[in-house]
Structure formats: structure tokens, C-alpha cells
Amino acid sequence: AHDVMYIPLPLYHSAASLIGIGGTIELGASCVLKKKFSASQFWTDCRKHNVTVFQYIGELCRYLCNQPKTAGDQVHKVRMGVGNGLRQDVWREFQSRFGNIKMCEVYGSTEGNLCFMNHIGKIGTVGRSNFFYRLLFKYDLVKYDMVKDEAVKDPNGFCQRVEKGETGLLLSKVSALSPFFGYAGSKQLTEKKLMRNVFGKGDAYFNTGDLMAEDRDGFICFKDRVGDTFRWKGENVATTEVTETLGLVDFIQEVNVYGVEVQGHEGRAGMAAVILRAGMAFDGGKLFEHVTRDMPPYARPLFIRLQDVMEMTSTFKQQKFQLVHSGFNPSTTSDPLYVLDYQQQSYIPLTDGIYRSIQAGERKL
Ligand SMILES: *[C@@H]1O[C@H](CO)[C@@H](O)[C@H](O)[C@H]1NC(C)=O
């Protein structure tokens with residue numbers, strides 16, 4: 001009841017309205033509503049209102065880390081953050097910079113029929129399963145084929161559970177105890193989120209569309225969203241992993257990784273939209289050195305696109321669709337484009353000539 005909750009998220013999402021405001025009312029605590037999230041005003045607000053708990057989502061914590069450091073970074077009363085989508089690298093940086101704030105990752109969706117919560121704050125996990133939890137929520141991780149973009153089936157047409165530690169598609173059984181009410185409007189939308197005859201005739205599961213792994217101790221870790229992985233040279237490229245690796249380069253402030261189609265090539269070539277840190281310049285040689293040292297050949301982004309601002313959804317998730325659609329043609333974008341060049345050991349400007357030679361299949365990728 002003595003907590004003060006800071007809510008900078010849109011209220012039409014359940015994170016802010018149910019967990020934030022709902023939680024505040026349930027406890028008899030106080031909440032501070034911010035009309036629009038502002039990275040530069042965040043800590044000032046927290047100090048002014050004696051905030052103890054804040055809500056985050058997606059990239060919000062990264063924005064806070066990207067703010068200039070100040071001597072007062074640890075002068076506040078914030079003890080906890082609640083939200084989801086916090087990446088491991090940001091999680092570590094956030095805590096070392098702003099103090100020992102416990103971060104509670106929550107996994108779930110408004111319409112979904114299960115949720116996880118990381119009560120103990122173990123970095124990189126969304127929660128922990130146990131015997132009782134499994135009684136309440138019948139969920140399973142099943143094998144998933146990244147190439148076909150569908151669940152792997154056995155000869156009888158049923159899904160197969162993954163081994164402990166392996167990544168699989170998270171499904172949650174629909175039952176009286178954990179119902180799925182579906183969406184208003186079209187029945188098809190509701191049906192699309194369901195998988196039927198998963199382990200036996202007549203059963204139904206809610207398809208989360210998320211790839212997760214559970215280790216021997218029951219810790220559950222978010223790996224990828226179905227569709228956030230693409231294939232290149234016969235290998236799976238997890239955009240989240242490439243994003244984390246590129247995020248370590250000193251002149252890169254923010255990065256969004258996706259795959260683009262290249263004429264005559266199977267799968268998708270890696271591309272990264274990048275925002276540079278203020279006052280720093282793009283250094284193709286340095287980036288080349290970094291990606292060749294830290295990434296296997298298939299995962300290295302072939303194309304880089306420099307951007308001034310990154311398109312975000314209202315919940316601070318990166319937009320990929322537009323970028324994928326716009327591709328790597330230098331004549332249709334005004335953003336500077338670069339291409340990975342092994343001869344010059346650098347990322348070099350992607351000219352119309354290079355673009356044409358790629359399209360003609362003359363340039364080895
Ligand atoms: C915050 O806490 C300080 C010290 O405990 C107190 O003096 C101040 O009135 C509080 N501010 C608000 C907005 O509650």
C-alpha cells in the first residue's frame with residue numbers, strides 16, 4: 001500500500017490498465033500516470049513523486065540506458081520494475097547503472113490463457129514453472145520447423161514435445177480452467193490462434209506464437225517470436241541474438257535486425273537498421289571486425305541501413321514489416337545503405353552498381 005507506481009504506458013494495453021492501475025487499486029497504493037513516456041523526464045518524475053515501482057515494456061529500459069549518464073543516476077527510491085520484453089544485455093546494463101532494481105518480467109497476453117512471472121528476478125527468464133503451476137496451466141513446448149514455419153508433426157500428425165533445454169513453440173491447453181474466449185468479431189481470427197488435434201484427436205491449444213525454452217530447474221526463457229527467425233545459407237538466424245551482438249558496438253545506439261529477400265537466393269539475407277550514438281560516426285571497418293569476430297558467417301548482416309529514428313509500435317516494440325518491405329535498393333530509400341565487403345574488410349556504401357550486380361547474381365554474398 002505504500003508503493004507508488006509509475007505508469008508511462010498507453011492505458012489501452014492490459015499491462016498498464018490491468019497490472020498497473022488494477023494492481024494499484026487492489027493494494028490501495030498510489031499511481032502516477034504519465035501521458036507519454038519520456039526518457040529524459042523519467043528519473044526526474046520518479047524522484048519528484050517518490051516512485052517505488054515502474055512499468056516497462058519492450059525497449060523502454062534501453063531508452064533509459066541510452067540517456068547521458070548523470071551523477072544522480074542512483075538517487076531515487078525505485079525498487080522494482082514490472083513488464084516484459086527486457087533483453088538480457090539491457091537488463092544487466094540497467095541494473096549496473098541505476099542500482100539494484102529488481103526486474104520482474106511478466107509473460108502473457110490479454111487474450112492468452114496462461115502467464116508466467118519472474119518473481120525472483122533471475123536475469124533473462126520470464127518465470128519459473130513448478131509442480132503446482134503445471135496443475136493450473138497445461139502448457140507444452142513443441143518442436144518447431146523454422147523453415148516451413150510450422151510445428152513438427154509425427155507420422156500420426158501429432159506434435160512432439162521438446163527435450164528440457166530445447167527451444168519449442170509454446171502452446172497452452174484450452175480447458176474450463178484456462179479458457180480462451182477469443183476475439184470480438186470474425187470467428188476466423190479466433191480460430192487462427194487455436195491449434196487443434198495437437199497431442200490427440202479433439203484437443204485444442206492456444207498458440208502463443210512464441211518460441212521458449214525451459215531448463216532443468218524450470219526456468220522459462222523467451223527465445224524468439226515465430227517469424228523473428230529467418231534462414232540464410234541453410235542456417236537459422238535469430239534476430240534477437242544478432243541484435244544483442246550488434247548492440248555492443250560502441251557507435252551503435254539502437255539496432256533492428258530483419259531478413260530481406262534477394263533475387264536468386266534461398267531464404268533471407270540479414271539486414272540491420274541502425275541508429276548511431278549522438279556525436280559518433282559509422283565505422284564500416286570496425287563493424288566488420290566486430291561481426292566477423294563474434295558471429296558465424298550466416299548470421300552476419302549483409303546490409304546496414306542508417307536511420308535517424310526507429311519506427312516503434314505504441315508498446316515500444318520495433319517495427320519490422322515496413323523495413324522488410326522496403327528492402328535494400330539504394331534508389332528507393334534516402335537512408336544511407338552499406339554492404340558487407342570481405343575484400344575491403346569493411347561495410348562499404350551500397351551503390352546502384354553494387355545493387356545491380358547483386359540482383360544479377362554477379363556478386364558473391
Ligand atoms: C517524498 O518523500 C519525501 C521524504 O520522505 C517527502 O518529504 C515528500 O513530501 C514526498 N513527496 C511526495 C510527492 O509524496
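Just so it is clear, the structure is predicted and the values come from calculations on it, not from any experiment. (Residues numbered from 1 in each chain as written. Predicted model: local features only at pLDDT ≥ 70, side-chain atom pairs only at ≥ 80, totals over all residues. Heavy atoms only, no water.)

Regarding the pairing of strand β19 (residues 303-306)
Turning to step 1, where the next piece is worked out: Taking every second residue as pointing to the same face, both faces of β19 are buried, with Phe303 and Arg305 on one and Ile304 and Leu306 on the other.
Turning to step 2, where the next piece is worked out: As judged from the four bridges shared by strand β18 (residues 269-276) and β19, these two strands associate in the parallel manner. Looking at β19, one finds that Val274 is bridged to Leu306.
Turning to step 3, where the next piece is worked out: Once you follow β18 into helix α8 (residues 284-294) and on to β19, the crossover reads as right-handed.
Turning to step 4, where the next piece is worked out: For β19 and strand β20 (residues 337-341), the ladder comprises three bridges, and the chain directions are antiparallel. (Buried < 20%, exposed > 50% of the residue type's maximum accessible area, 1.4 Å probe, protein only. Helix = DSSP H or I, 4+ residues; strand = E, 2+ residues; numbered from the N terminus. Pairing = 2+ DSSP bridges. Right-handed = clockwise from strand over helix to strand, strands pointing away.)

Side note on the UniProt feature "domain: AMP-dependent synthetase/ligase" (unreviewed entry) in the protein
Turning to step 1, where the next piece is worked out: Within this numbering scheme, the UniProt entry marks residues 2-129 as carrying the feature "domain: AMP-dependent synthetase/ligase" (unreviewed entry).
Turning to step 2, where the next piece is worked out: End-to-end, the C-alpha atoms of residues 2-129 are 30 Å apart, and along that stretch the chain is 30% helix and 22% strand. (UniProt positions renumbered as here; feature names shortened; annotations may be inferred.)

Considerations on the packing of aromatic side chains
Geometry of an aromatic ring pair is reported as the spacing of the ring centres plus the angle between the planes.
Turning to step 1, where the next piece is worked out: Using the criterion set out here, one finds 24 aromatic pairs in the structure.
Turning to step 2, where the next piece is worked out: Measuring from ring centre to ring centre gives 5.7 Å for Phe251 and Phe282, while their planes differ by 80 degrees; the resulting arrangement is edge-to-face. Here Phe251, found in the loop between α7 (239-246) and β17 (252-260), pairs with Phe282, found in the loop between β18 and α8; they are 31 residues apart in sequence, far enough to count as distant. By the burial criterion, Phe251 is buried, and Phe282 matches it.
Turning to step 3, where the next piece is worked out: The ring of Tyr139 carries the charged tip of Arg134 above its face, separated from the ring centre by 4.4 Å.
Turning to step 4, where the next piece is worked out: The lysine or arginine in question, Arg161, covers the ring of Phe199, its NZ or CZ lying 3.9 Å from the ring centre. (Phe/Tyr/Trp six-rings, centres within 6.5 Å; stacked < 30°, edge-to-face > 60°. Lys NZ or Arg CZ within 6 Å of the ring centre and 35° of its normal.)

Points about the domain arrangement of the protein
Turning to step 1, where the next piece is worked out: Looking at the protein, the domain boundaries give domain 1 (4-107), domain 2 (127-225) and domain 3 (230-359).
Turning to step 2, where the next piece is worked out: Contacts between the two partners involve four residues from domain 2, matched on the other side by five residues from domain 3.
Turning to step 3, where the next piece is worked out: The junction of domain 2 with domain 3 conceals about 320 Å² of combined surface from both sides, 52% of it contributed by carbon and sulfur atoms.
Turning to step 4, where the next piece is worked out: Here domain 2 is connected to domain 3 by zero salt bridges.
Turning to step 5, where the next piece is worked out: For the pair domain 2 and domain 3, the interface holds one residue pair in polar contact (both at pLDDT 80 or more).
Turning to step 6, where the next piece is worked out: Residues that form the side of domain 2 that touches domain 3 fall into these classes: two nonpolar, no polar and two charged. (Domains from an automatic or database assignment. Contact = heavy atoms within 4.5 Å. Buried area = accessible area lost by both parts, 1.4 Å probe. Salt bridge = Lys/Arg side-chain N within 4 Å of Asp/Glu carboxyl O. Polar contact = N/O pair within 3.5 Å; in protein donor to acceptor, adjacent residues only side chain to side chain. Nonpolar A, V, L, I, M, F, W, Y, C, P; charged D, E, K, R; others polar.)

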